[in-house]
Amino acid sequence: MKRILTTAALAAAAFTAQAAGTTLTNGDFAFTGVNGNTTLGGWSFVTFVDLAAGTTIYFTDTNVRQTPDSAGVFNAAETFWSWTASSAVAAGTSVALLGTGTSGQYGAKSGAAGGVANGTVTNHNGAVSNISSGGDILYAFQAASYAINYQPSAITFLGAISNRGSYTSSDNPLAATGLSGIQVREYKVGSDATRYTQFTAQVTTGDTPYASMAELQSALAVNANWTTITASNTTPIVSDVLAVAAPVPEPSSYALMLAGLAAVGGLARRRGLRRGSGT
Ligand SMILES: [Ca+2]
Ligand SMILES: [Ca+2]
């Protein structure tokens, strides 16, 4: 019996090590809000896949070059941050990076009742720019590590959110990122820069959970589900749960679990036979 437990523990440990740090692809991520305010400002996002502890997502308010050159994808002018999950984060959970009161510094929260700390936010280049209330574009991406000049092959863009009213040809958030649909949100009221936009259709645990990630994604695409404020930016970004009903395991997951149990059982049986034979 002890051997069976040891085998199971080793298998679990191997699985855990493999799962540390989730690699995301275009379509796994969406911003759920941004607020340009030095003190109360910040942004929030959701992923449509579970995130393992240790998963890192980078953010920057630096402009993207429409045509990356040898200097890289970004104009190295504003701030680069990363958020690293301190524990596993379930798909459909809103994660908010909230201003600490110091320009360029944010702390991460998620969950109900104002949220609880769920990760580490690092300011990588020491810059103090933040999300400008006058208009800014925030990008999310994954990369192996922080670099000053990323080449296109070194990063995967995950999302872009903009609260500005116009773009120049040098900083179009769409052209160079390959992002589309709910991965890109552009908000403006008339020709004005927009100070605040937040997905507010599902922001408290009292709201009816979405039935699936697909339902959440559909809701994120509807502008009426967002609160957008031009003149005021004193409302903090919401860190509450985007409640999605607990998923029912897919038949393939059951098959995988049964196969795993059968393998462990088979191993134990063979060991039992060897012990029985006296060798
Ligand atoms: Ca900017
Ligand atoms: Ca900025």
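Remember, predicted model here, so these are calculated numbers, not experimental data.

Comments concerning the overall build of the protein
Okay, so step 1: Summing up its helical and strand segments, the protein has 3 helices and 16 strands in all.
Okay, so step 2: Of the contacts formed within the protein by residues at least 6 apart in sequence, a portion of 74% connects residues at least 24 apart.

Considerations on the sheet that holds strand β8 (residues 106-110)
Okay, so step 1: A sheet is described by the order of its strands in space; here 12 strands give the open sequence β12-β11-β10-β3-β6-β9-β8-β7-β2-β1-β15-β16, paired in mixed fashion. Edge positions in the open sheet fall to β12 (184-186) and β16 (226-229), since each of these has one partner strand only. Ignoring strand direction, the axes of neighbouring strands in this sheet form an average angle of 25°.

Some details on the nonpolar core
Okay, so step 1: Membership of the largest hydrophobic core comes to 48 residues, with the highest contact counts inside it found for W43, F45, L138, Y139 and A140.
Okay, so step 2: Element by element, the count of residues in this core is highest for strand β10 (residues 137-143), at 5 residues.
Okay, so step 3: If we skip the residues at most four places from it in the chain, F45 touches F29, A30, F31, T32, V95, A140 and G159.

Looking at the pairing of strand β11 (residues 155-162)
Regular strands place their side chains on alternate faces of the sheet.
Okay, so step 1: Here β11 lies mainly inside the structure; 6 of its 8 residues are buried.
Okay, so step 2: Where β10 lies against β11, 7 bridges are found, and the strand directions are antiparallel. Each residue of the ladder has a partner; that of Y139, found in β11, is A160.
Okay, so step 3: As paired elements, β11 and β12 share 3 bridges and run parallel to each other. Within the sheet, the bridge partner assigned to A160 lies in β12 and is V184.

Examining the environment of V89
Okay, so step 1: Here V89 shows up in the loop between β6 (80-85) and β7 (95-99).
Okay, so step 2: Along the backbone, V89 and G119 are 30 residues apart, and their C-alpha atoms lie at a distance of 9.8 Å.
Okay, so step 3: Among residues more than four places away in sequence, those in contact with V89 are L51, V95, S110 and N118.

Thresholds applied
- Residues numbered from 1 in each chain as written.
- Chains lettered and ligands numbered in written order.
- Predicted model: local features only at pLDDT ≥ 70, side-chain atom pairs only at ≥ 80, totals over all residues.
- Helix = DSSP H or I, 4+ residues; strand = E, 2+ residues; numbered from the N terminus.
- Contact = placed C-beta atoms within 7 Å.
- Pairing = 2+ DSSP bridges.
- Axes fitted to C-alpha atoms, helices over the stretch in contact; angles between N-to-C directions.
- Core = buried A, V, L, I, M, F, W, Y, C linked by C-beta atoms within 7 Å.
- Buried ≥ 20, exposed ≤ 12 C-beta atoms within 10 Å, placed from the backbone.

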